[in-house]
Amino acid sequence: MLERELGSNFITLSSKVIIRKENFGGILFNKETGDIVEVDREAFIIISILKDVEIVDTKAFLELPISCKGKKISRTSIEEMILRLFRAGVIDILPKGVLSEDRYGLLEEFSRKKIEWPMFTHLSAPETVHWAVTFRCGEACPDCYMERHKKLFTNELDTRNALKLIDKIASAGVFQLAIGGGEPFLRDDLEIIAGYATEKGLAVHITTGRYEIEDNRLDELAEHIKVLQIGIRTDELLHINTGTHEELRMLVAQLNQRRITTGANLIMTRSAIRNLDRIIGVLSEVGFRRYTLLRYKPPINVKRWLKEKPDKYDIEILEEKLTRIGEINTDIYIRIDCAFSFLGRKLNPQIAAYSGIKGCVAADRIMSLAPDGSVFPCSQLTGAAFNAGNLVDEDFESIWNGSEIIRKYRGFRTKESFKHGDCGKCKVKSFCGGCRVFAPDALSSDPGCPVPLYDTGYIDDEVDIISEIQDVIGCTSAGFPYARREEIETWLEEEDDRGYPSWINLI
């Protein structure tokens, strides 16, 4: 059966696939597509043998006594796993031929090798590291949240230390490096950084706010990056006479010539939501096919925030428009920011798991770096209360496995203020959980979801919100909270018509 479907009995692990061992089995990363597949221990054992032996004769493979947890894996299970891996693009088929006896010897040797599984139940490293290589930027976009952080990071790494940082990221087993800013093209060594990261095996993506990029820079980057995301200023896009359309058309053409995939980042302000059909229409006309919809995060301009922050009615409009746009435009691909995970709350949990939807993955699937190498759970949670260390001075594993901040946000779903809030009571908390940015204490529930789906029979116990907030803010070296209970009670009682998450007011 196996040879009939594959067309040959010789198989090899695809060169496009990187594998990483985990406590539950392993993760497979496709460098070409960016797809990530999780497999259990049995499947990972099969994949490990394929990787070690390089070329395998399936007829011989099926005869071997391969075991997992002291139990032999059945021939039928191995056949099914090989077929699933082939259909997922993990396995390549080789022409029929003759293998040396040495190759069969290797197959038998590696089939007996015992795998030592990691002791940590969390991932051994994030899948993606987001790195703001600079906070400098000349655009002054009205909806930029980075303005809040610029005063915290006046230094950025020089080229030498930037490359050392990449060494640590790659050695840890990270798959992807997402470079942003600020404006990353303000760094003259951007091409060096991207090239070195690619050389070290990382898939590199860059996000920029520039609509005009020099040909020579794109020529060099084309050798190292697969995707360039363009931050679209939707206010400009909606004014036809600005010349924005033509600039974007030329940029898409430049990138297409160099086979760089082009994506549009769209911040979902109230105006952008209500004009989404028109925005996607204009961008599709100039050549965009991939869109990432980003939830509107509080900018430094309070008046702008009050004017453009979407309410629950706007979110419902967005849900309706996404359904309609997806039905009409079958040739475009829309990806949703993890802060918008509640838009998928009606999905069947099995479909969500199969589709790789994880919800908030701060300090779990992702990790963020500031320009000076400081580590944060995600790019939005940036401030003294969220600083997990500095990757220039510390090793990757000690921060990832040992940092109290990383552990706290990796396990936010276990925190009392989360469990007893709307998100903690919701049926889809495992693949949503809301966004930490919008939770008042960065740990509890996200108030932005229009309709949480409550579990029946949930018993709400009393929870000490003030203790949770003190936990986020932190304590002195002597163990005393920086904020007294009376102070926090005052904050909670104060009217705040700005709608900013309260933790932002503390940075």
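A short tour of the structure in this document, coming up. (Residues numbered from 1 in each chain as written. Predicted model: local features only at pLDDT ≥ 70, side-chain atom pairs only at ≥ 80, totals over all residues. Heavy atoms only, no water.)

Enumeration according to the criterion identifies 32 salt bridges in this entry. Here Glu 38 ties to Lys 358 by a salt bridge, and the two come within 3.2 Å at their closest N and O atoms. Here Glu 38 is found in strand 4 (residues 36-40), whereas its partner Lys 358 is found in the loop between helix 15 (349-354) and strand 16 (366-369), with 320 residues between them in sequence. Through salt bridges that share partners, Glu 38, Glu 127, Lys 358 and Arg 365 make up one connected network. (Salt bridge = Lys/Arg side-chain N within 4 Å of Asp/Glu carboxyl O. Helix = DSSP H or I, 4+ residues; strand = E, 2+ residues; numbered from the N terminus.)

Inspection of the entire model under this criterion finds two cavities of 30 Å³ or more. Its volume calculated, the largest cavity comes out at about 100 Å³. For the lining of the largest cavity, the per-class residue count stands at seven nonpolar, two polar and four charged. Its volume calculated, the second largest cavity comes out at about 50 Å³. Among the elements that line the lining of the second largest cavity, the one with the most residues is helix 2 (residues 41-53), at four residues. (1 Å grid on protein atoms, 1.4 Å probe; cavity = no way out; pocket = protein on both sides within 12 Å on 5 of 7 lines; lining within 4 Å. Points joined across faces, edges and corners; volume = space filled by probe spheres on them. Nonpolar A, V, L, I, M, F, W, Y, C, P; charged D, E, K, R; others polar.)

Attention now moves to the packing of helix 2 against helix 5 (residues 101-111). Direction vectors running N to C along helix 2 and helix 5 enclose 145°, while the axes themselves pass 9 Å from each other. Classified by chirality, the crossing of helix 5 by helix 2 is right-handed. Contacts from Ile 49, Asp 52 and Val 53 of helix 2 reach helix 5 at Arg 103, Leu 106, Leu 107, Phe 110 and Ser 111. A per-class count over the contact of helix 2 with helix 5 returns five nonpolar, one polar and two charged. (Axes fitted to C-alpha atoms, helices over the stretch in contact; angles between N-to-C directions. Left-handed = near helix turned anticlockwise from the far one by under 90°. Contact = heavy atoms within 4.5 Å.)

This next bit is on the packing of helix 6 (residues 159-171) against helix 7 (residues 190-199). The interhelical angle for the contact between helix 6 and helix 7, taken along N-to-C directions, is 25°, at an axis separation of 10 Å. Taken together, the axes of helix 6 and helix 7 are roughly parallel relative to one another. Seen along the crossing, helix 6 lies across helix 7 with a hand that is right-handed. Two secondary-structure elements touch here, helix 6 through Thr 159, Ala 162, Leu 163, Ile 166 and Asp 167 and helix 7 through Ile 192, Ile 193, Tyr 196 and Ala 197. When the residues that make up the contact of helix 6 with helix 7 are grouped by side-chain class, the tally is seven nonpolar, one polar and one charged. (Parallel < 35°, antiparallel > 145°, perpendicular 65-115°, else oblique.)

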